[in-house]
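Chain by chain, the residues:
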Amino acid sequence: MQRDKHPVTLLTGFLGSGKTTLLAELLAHPGMGETAVIVNELGEIGIDHHLVRQVDERTIVLDSGCVCCVMRGDLADELRDLFSRRIRYEIPDFRRVVIETTGIADPAPILFTLLSEPVVKHHFELDGVVTTVDALNGVDQLLRQPESAKQAAVADRLVVTKTDIADSASVTALESRLAQINPTAPMFRVVQGKVEPETLFGGSERDVRDLELSPPGHIDDVHAFSLILDEEIDWTAFGVWLTMLLQARGEHILRVKGLLNVGEEGPLLLNGVQHVVHPPVHLEKWPDEDQRSRIVIIARGAGRDEVERSLAAFNRAAKARG
Amino acid sequence: MCVLCGALLSDHWAETEGGRRARADRVRLLNRVLGHYGLSLDDWAGSVYTVRNGKGGSAVVQDVGTLWQAAEGLAGRPLDPLDPGLMDTLEAHAEG
């Protein structure tokens, strides 16, 4: 019998943003038993009853030269090894895997590895990306460090740390900026890593149609915008359009997430990080009466109006016969 | 699942739905888009695509993910869906 795939959570965040503190606290929680952990530096994560493995970051550049579609050979090897040793009973069983990245790691290659390496994608699946952002330095890092803004953009959960030692104005400013960069991710204030694991692992998706988006200060800042389409989307046209858009502008389109009305009973759930797009998921039904498609795009340097016009042009051209 | 590296994968995310009819629709739309750049595309036995320019150049690609990079090479310029000229062409076609 085929076992379910092992969920993998990616824990990322800029240098000093509290990833290790959060992970150490989480692993001490009784609900986090049977967790395999992959880290770059063993450091303070000395929790004996967990399977803690260290990897040295090693990337394999593919022929395409695409900067986000780089295979993380270290992770692929480690995940393959974890799986093969588990089925030989050389290591204890584990239910989930947590990968803690370095502070300056680009998360896109890790996601690409999880979704595309043939053995890895067969036995593991991405549960989500948790990103820590430090309330003391976060606003400045998001402004000055492109990796920091990207880590926030790809998050499925945002953890705001050090809120106990930052002043309330800094915390509010950071949360406001994070909501502008990535409104799709629920945000949690966490002090000294104290949080229930189920808050950060698994759980339901935020409905992208309920999001309130605030306008960017400048189009070159990382910002989110949404496309709402009344007409049904032709999935074939959408695939042609998005692959072309990601080829042309992929480095500036950090995230694409949406619920699409493709003329079926339920919507199609779409989720992509730069060039890496998860296989679309058919949902059985819409969450409510509103069956309009809504796509949230996190980008820099591209505006909503031109993207919306382009998608509509492709969609209508596909529907026009002859 | 990567638009640039799709050849590594058995099934590109944009081509997992709809079967042969969707493939025929895809080829029709791709020809409208590529035609704007002087390129054309054929489906070869429902398994790969051949993209050609007007100067005798051609490339065989696995799927729509790997298509765009090859098409840019054959066109000798970037292919951008936000190109206003391309949008004008597609809108004019849709209006018939």
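Relevant structure appears above.
1. Remarks on the pairing of strand E15 (residues 293–299) of chain A
Residues and elements named next belong to chain A.
Part 1: When you tally the buried positions in E15, you get 7 out of 7 residues, the bulk of the element.
Part 2: Burial along E15 is two-sided: Ser293, Ile295, Ile297 and Ala299 facing one way and Arg294, Val296 and Ile298 facing the other are all buried.
Part 3: Here strand E11 (residues 253–260) runs beside E15; their pairing, made up of 6 bridges, is antiparallel. Bridging from a neighbouring strand, Val256 pairs with Ile297 of E15.

2. Focus: the sheet that holds strand E3 (residues 58–61) of chain B
Residues and elements named next belong to chain B.
Part 1: Judged by pairing direction, the sheet is antiparallel, and its 3 strands sit side by side in the order E1-E2-E3 without closing on themselves. The open sheet has two edge strands, strand E1 (39–44) and E3, and neither has a second partner. Taken over all neighbouring pairs, the strand axes of this sheet differ in orientation by 20° on average, direction set aside.
Part 2: Each of E1 and strand E2 (48–53) touches helix H1 (residues 19–35); the most contacted strand, E1, lies at about 165° to it.
Part 3: Helix-sheet contacts for helix H2 (residues 64–75) involve E1, E2 and E3, and the interaxial angle to E3 is about 170°.

3. So, the pattern of salt bridges
Part 1: One pass over the structure, following the stated rule, counts 27 salt bridges over all chains.
Part 2: Arg80 of chain A is the salt-bridge partner of Glu117 of chain A, the closest N and O atoms lying 2.5 Å from each other. Within this pair, whereas Glu117 of chain A is found in the loop between helix H3 (107–116) and helix H4 (118–123), its partner Arg80 of chain A is found in helix H2 (residues 73–87), the two being separated by 37 residues in sequence.
Part 3: Residue Asp25 of chain B is joined to Arg28 of chain B by a salt bridge in which the shortest nitrogen-to-oxygen separation is 3.1 Å. On the criterion of helical spacing, the pair formed by Asp25 of chain B and Arg28 of chain B is a turn pair, its members being 3 residues apart in helix H1.
Part 4: Under the relative-accessibility criterion, Asp25 of chain B is labelled buried at 16%.
Part 5: A cluster of three or more residues bridged by salt bridges with shared partners is formed by Asp81, Arg85, Arg88 and Glu90 of chain A.

4. Some thoughts on the packing of helix H9 (residues 235–249) of chain A against helix H10 (residues 304–319) of chain A
If you want to describe how two helices pack, look at the angle between their axes and the distance between the axes.
Residue and element names in this part refer to chain A.
Part 1: It is at 9 Å that the axes of H9 and H10 come closest, and there the two elements cross at 140°. By the angle between their axes, H9 is oblique relative to H10. For H9 against H10, the interelement crossing comes out right-handed. Contact residues: Ala237, Phe238, Val240, Trp241 and Met244 in H9; Val307, Ser310, Leu311, Phe314, Asn315 and Ala318 in H10.
Part 2: Residues of the contact of H9 with H10, tallied by class, amount to 9 nonpolar, 2 polar and no charged.

Parameters at a glance
Residues numbered from 1 in each chain as written. Chains lettered and ligands numbered in written order. Predicted model: local features only at pLDDT ≥ 70, side-chain atom pairs only at ≥ 80, totals over all residues. Heavy atoms only, no water. Buried < 20%, exposed > 50% of the residue type's maximum accessible area, 1.4 Å probe, protein only. Helix = DSSP H or I, 4+ residues; strand = E, 2+ residues; numbered from the N terminus. Pairing = 2+ DSSP bridges. Axes fitted to C-alpha atoms, helices over the stretch in contact; angles between N-to-C directions. Contact = heavy atoms within 4.5 Å. Salt bridge = Lys/Arg side-chain N within 4 Å of Asp/Glu carboxyl O. Parallel < 35°, antiparallel > 145°, perpendicular 65-115°, else oblique. Left-handed = near helix turned anticlockwise from the far one by under 90°. Nonpolar A, V, L, I, M, F, W, Y, C, P; charged D, E, K, R; others polar.

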